[in-house]
Amino acid sequence: MSNDIEKEGRLKGSISGIPTFLSNNRTVIAVLAFLYLLPLSTTAGTSPIRTLLYLVTQIMIFGLLAMSFDLQLGRAALLNFGHVALFGVGAYFMAYTLDADLFPPPFNLIAAVPYPLTLVLAMMIGGSLGFIMGLTTSRMRGTAFAFIALAIAMFLYNFFAENPDISGGETGMRVATPDLIRTGPFYLLFVAIAFVVLAAFFGMIILYIRKRMEYTGLIVVIVVMVGLTGTLLAFGTGILGPVLVSLAFLGVIFLFWMERKSTVSDPLRYSEVETGVTDPLTAYAIPFSIILVAILGLVLSFSSNITDMVMLWVEDTQLFLYTIPVTYYLVLTCLAITYFFVRRLIASPFGRMVTAVAQNEERAEALGYNSYRAKIVVLVISGAIAGLSGALYAPYLRVIDPHTVLGVEVTINAMLYTIIGGIGTLLGPILGTGVVVYSELNLVDFITEGLGLPGQLWLVGLGVMYIFIVLFMPLGIVGSIGQKTGSLKAKLRRMKLGRFEFGLKDSDYWVFGLLGIMGLILFLTEDARFVLVTLGIFGFLAILGVVLLWILRRDIIMGVKKSFRNSRFSRGGN
Amino acid sequence: MQRINFTIQDYLEENPQIRRITRYVVFIAFIVLTGLAIYYAIEIYTWNGFIVGVSKSLVNGLALSMLLFLMVSGFFLIFGLCDVINFAHGAFFMLGGFLGFVLYIATEAVFLDPALPFYLIFGSNYFVLSIAAFTVSALGATAIMALIGGGIEFFTIRRLYGNPIAQILLTVGFMFIITQVAEIFFGPSQFSYFIIPNSQITYFFISGALDFGGGMIFSSYRIFLIFLGFTVAGLMFLGFRRTRIGLQIQAGIEDSEMVEALGTNIRRLFTIVFMLGAGLAGLSGAVLVPWIGANSGHGLTYLIYAFVIVVVGGAHYGRFEGTFFGALIVGLSMQFAAYFVPFLESVIVFIIMAIILIIRPGGLTGHE
């Protein structure tokens, strides 16, 4: 009996924890919602967004790899030159697993267990290799560990490279696409997840508007409404869906006016925590109907696309193009789960202990922590993540050879992604992966068409970019921006246009993440339909930038003068 | 809290007798295993073949070790003194090879030009011509690489001391730039002196061979490489023992703050070390071209050998001799494995490194 009550209480607790969770992860949820929205727009035929989806999938796979590298380097201060071994082991494990002719049926993994479970098995393989690497940390510290890991990785690489009959050799080994990825129900499962995330996104907006009583909140919501409705108009097939979504946003604005009126007329009631009084209309009825209307609108916008996709599966299950959105969804879901897991891990007492060990090992040991075990656990977890990314990469690439999945270049790349994004900043490695992978793929076009130079110069351009990033952003993109914007944020909070309060709080910055990813991805599709939306988003950001420049003009002039003077003095001093 | 991890090291330190016995047992086992390996090698290859194989791999291994030592000593100095893991070092080596190649062709063209006075000396004697041109090309490559290395240190790395992660990124950037520039100028294919039809270098450097009879034919160029390597290594040892800058560098590797406190301009020392390291990489690249050719892919391959050798020799607070012995171990084991156990050729280096690191975590001469 008491057990039931306890269960009920726990359920209640976890449900009532949802709003807090939504409010704490505004940027991530907004970006995730947009990323989940993207593949819904692919129709059965060819769509301009498919190439982009393919690219984003690659970025996310390497983002997982960079995240696992950052878990070692940024959290546990373990520089690992053999990180690629964890990746390659996962990739080859997946390649053997998906090969239906390798073993007779009882030992054939893909026939025996479902595909998601093989991913878990790949994680276990990566984790056990991480455990082996971790065993060496009892004696190897610093560079010695980096190099023993390099020895393990090179050993594996040479072993696979010199046995072409097991690794495919130079020509590579074909990896079959798992059958589950081709099935319709698997796709529908991810579509359902996408709608859950989108519902969470609308819930986040509602929670945001109920707390944000200044006019800034209204502006933010209107901007998001215009951007999202425009995107839906371009993506979707019907006009009814976007209309319903904009109606939902109008409901949000209505909620804003109601809350604002009640705040102004009865300031005491505004603070729910103190009085404990909640108005059922604004707390439950309106929000849920808004979410319902919004989801209905989204379903209406994309229903024909989804039906097309499922019909395609019914007609012919062997089509290759069909796998792209499902792979994308699979990788995105893995990335999201890993992200939240790693963030939870870092915030946990264990994560604090790892940080303590990384900062000063002797002190942590003197305080009674077992540094050896902490390092092993970090290596196992990070090995599991790297193994997962390898296991996702093998079917994505379809042909793997020792060089692409076990070569030293992969380690160097993972290191570059992490360093460019910012070490120890959870989102930094993913962002760095995006920057580097995208510029690797498109720098050639830019150099040949944009600058009229020979295309071989692209690696030179990449090197110059690294050097500039190092010289001007020593902490990586996220790290350096976070360091520099501290004072800027304080100024933005007190921003005023005439008598009009326009202060930006910490809770408002999610809109920049959403608009940034929205504008970037729509811009990269290079489709004529999105020009208007892209122009609108970038125009809004540009206007905001100009306003900022105008408000901060004195500080900027002062800063430029100061840095100029400083640099002249330091030259003379040297 | 009790320490949970039980290490053999702790146990051996508590029981010195067992430690002594284990040492003897390991020594005897090593000798027995070596004897067995030699016995089976003689069984398989016959006595004569065994002798030929051993002497050939000894010569090749020594030549390779000396060249690797020249390259890696620069890497070691930069790592030891400045604490910079120089990812661009393999690229320096590769670029040195290309520079040596180009300089050789240019010098030869100048020497053979009838309008210039050099023609009077070298026009009739091709042997002297090729040696002189080769010397000029090696020294020229050294000088140019020293300038490039010093420039890189002076303009960029100098700003980033104390930030090891940013240094890695920076040197990786330079590695990409140098590799790609070399590839743009020379293309991705392998360069060797064979492809220049009228070049005189083949007379001595490539086709020349010493025959001791019984199948023992050694390329004279590799023997020359051994002598060159020992000469440069000896000069460097002398320099580190006798000259003021050498002593300062050695002291700086041990404790750079103390050296700075004693009044040495350590920044200037860093620049000198970078110039020395890059110059040595250029020299080894230039003299290795007649053997392995010049290829833009060499950078990464030899960078990994440099990593291995430095770690085997003792990376942190290690001594210069450690790098020398590390290079010997790596070069000899690679060539012996290539002759006797070909399937282990590319793996053996890493096996040896793992064994040495497990026995002595700090490498041969360093400490943790």
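Residues numbered from 1 in each chain as written. Chains lettered and ligands numbered in written order. Predicted model: local features only at pLDDT ≥ 70, side-chain atom pairs only at ≥ 80, totals over all residues.

Undergrad: Any chance you could explain the overall build of chain A here in plain terms?
TA: Counting secondary structure elements, chain A contains 28 helices and 4 strands. Relative to its 574 residues, chain A shows a buried fraction of 41%. Of all intrachain contacts in chain A linking residues separated by at least 6 positions in sequence, the fraction that spans at least 24 positions is 78%. (Helix = DSSP H or I, 4+ residues; strand = E, 2+ residues; numbered from the N terminus. Buried ≥ 20, exposed ≤ 12 C-beta atoms within 10 Å, placed from the backbone. Contact = placed C-beta atoms within 7 Å.)

Undergrad: Hey, could you run me through the overall build of chain B in this one?
TA: Along chain B, the regular secondary structure elements total 13 helices and 2 strands. Out of the 368 residues belonging to chain B, those deemed buried represent 44%. Taking all contacts inside chain B whose residues are at least 6 apart in sequence as the whole, residues at least 24 apart take part in 77%.

Undergrad: Please clarify how the domain arrangement of chain A should be interpreted in this entry.
TA: Residue and element names in this part refer to chain A. When cut into domains, chain A gives domain 1 (184-316) and domain 2 (494-574). Contacts between the two partners involve 12 residues from domain 1, matched on the other side by 18 residues from domain 2. Among the elements that take part in the side of domain 1 that touches domain 2, helix α12 (residues 215-235) stands out by supplying 9 residues, more than any other. The class makeup of the residues in the side of domain 1 that touches domain 2 is 6 nonpolar, 4 polar and 2 charged. (Domains from an automatic or database assignment. Nonpolar A, V, L, I, M, F, W, Y, C, P; charged D, E, K, R; others polar.)

Undergrad: Help me understand the confidence of the model for chain B, please; the structure alone is not making it clear to me.
TA: Close reading of the predicted structure is inappropriate where its pLDDT is low. Per-chain confidence: chain B averages 82 in pLDDT, with 90% of residues scoring 70 or above. Reported confidence for the predicted complex is 0.74 by ipTM and 0.83 by pTM. (pLDDT = per-residue confidence, 0-100.)

Undergrad: In this structure, what is going on with the interface of chain A and chain B? I would like to understand it.
TA: The extent of an interface is frequently quoted as the accessible surface area lost upon association of the parts. Tallying the contact residues gives 36 residues for chain A and 37 residues for chain B. Taken together, the elements giving at least two residues each to the side of chain A that touches chain B come down to α8 (143-161), α22 (408-421) and α24 (458-472) of chain A. Looking at the side of chain A that touches chain B, the element that brings in the most residues is α8(A), giving 10 residues. Across the side of chain A that touches chain B, the residue classes tally to 26 nonpolar, 7 polar and 3 charged.

Undergrad: Where do I start with the confidence of the model for chain A in this structure?
TA: The predicted model of chain A has a mean per-residue pLDDT of 81, with 87% of residues at 70 or higher. Of all the helices and strands in chain A, helix α15 (residues 272-275) of chain A carries the lowest mean pLDDT, 51, while helix α20 (residues 371-397) of chain A carries the highest, 92.

Undergrad: Explain the packing of α12(A) against helix α27 (residues 531-551) of chain A here, please?
TA: When two helices pack together, their arrangement is given by the angle between the helix axes and by the axis-to-axis distance. All names here are of chain A. At a minimum axis distance of 9 Å, the contact between α12 and α27 shows a crossing angle of 160 degrees. What the angle tells us is that α12 and α27 run roughly antiparallel. Where α12 crosses over α27, the two elements pack in a sense that is left-handed. Every residue of α27 that contacts α12 at Val223, Val226, Gly227, Gly230, Thr231 and Ala234 is listed here: Leu532, Val533, Gly536, Ile537 and Phe540. Classifying every residue of the contact of α12 with α27 by side-chain character gives 7 nonpolar, 4 polar and no charged. (Axes fitted to C-alpha atoms, helices over the stretch in contact; angles between N-to-C directions. Parallel < 35°, antiparallel > 145°, perpendicular 65-115°, else oblique. Left-handed = near helix turned anticlockwise from the far one by under 90°.)

Undergrad: I would appreciate a short explanation of unusual backbone geometry in the present structure.
TA: Leaving glycine out, the prevailing phi sign among residues is negative, and the prevailing peptide bond configuration is trans. For A:Arg398, which is not glycine, the phi torsion reads 75 degrees and is therefore positive. With respect to the helices and strands, A:Arg398 occurs in the loop between α20 and β2 (399-400). For B:Asp83, which is not glycine, the phi torsion reads 60 degrees and is therefore positive. For B:Asp83, the position within the fold is in the loop between α2 (16-82) and α3 (89-111).

Undergrad: How should the packing of α3(B) against helix α11 (residues 298-313) of chain B be read in this particular structure?
TA: Residues and elements named next belong to chain B. Interaxial distance between α3 and α11 falls to 7 Å at its minimum, and their mutual angle equals 130 degrees. Between α3 and α11, the angle is such that the two are oblique. Two packed elements cross with a definite hand, and for α3 against α11 that hand is right-handed. Contacts between α3 and α11 involve His89, Gly90, Ala91, Phe93, Met94 and Gly97 from the first element and His298, Gly299, Leu300, Tyr302, Leu303 and Ala306 from the second. For the contact of α3 with α11, the residue count by class is 7 nonpolar, 5 polar and no charged.

Undergrad: Quick question: what am I supposed to make of the environment of A:Val531 here?
TA: Within the secondary structure, A:Val531 is located in helix α27. Sequence separation between A:Val531 and A:Gly519 is 12 residues; the distance between their C-alpha atoms is 9.9 Å.

Undergrad: Help me understand the environment of A:Gly17 in this model?
TA: Residues and elements named next belong to chain A. Relative to the helices and strands, glycine 17 is located in the loop between α1 (2-16) and α2 (18-24). We classify glycine 17 as exposed; it has 10 C-beta atoms within 10 Å. Placed 95 residues apart in sequence, glycine 17 and alanine 112 show a C-alpha to C-alpha distance of 39 Å.

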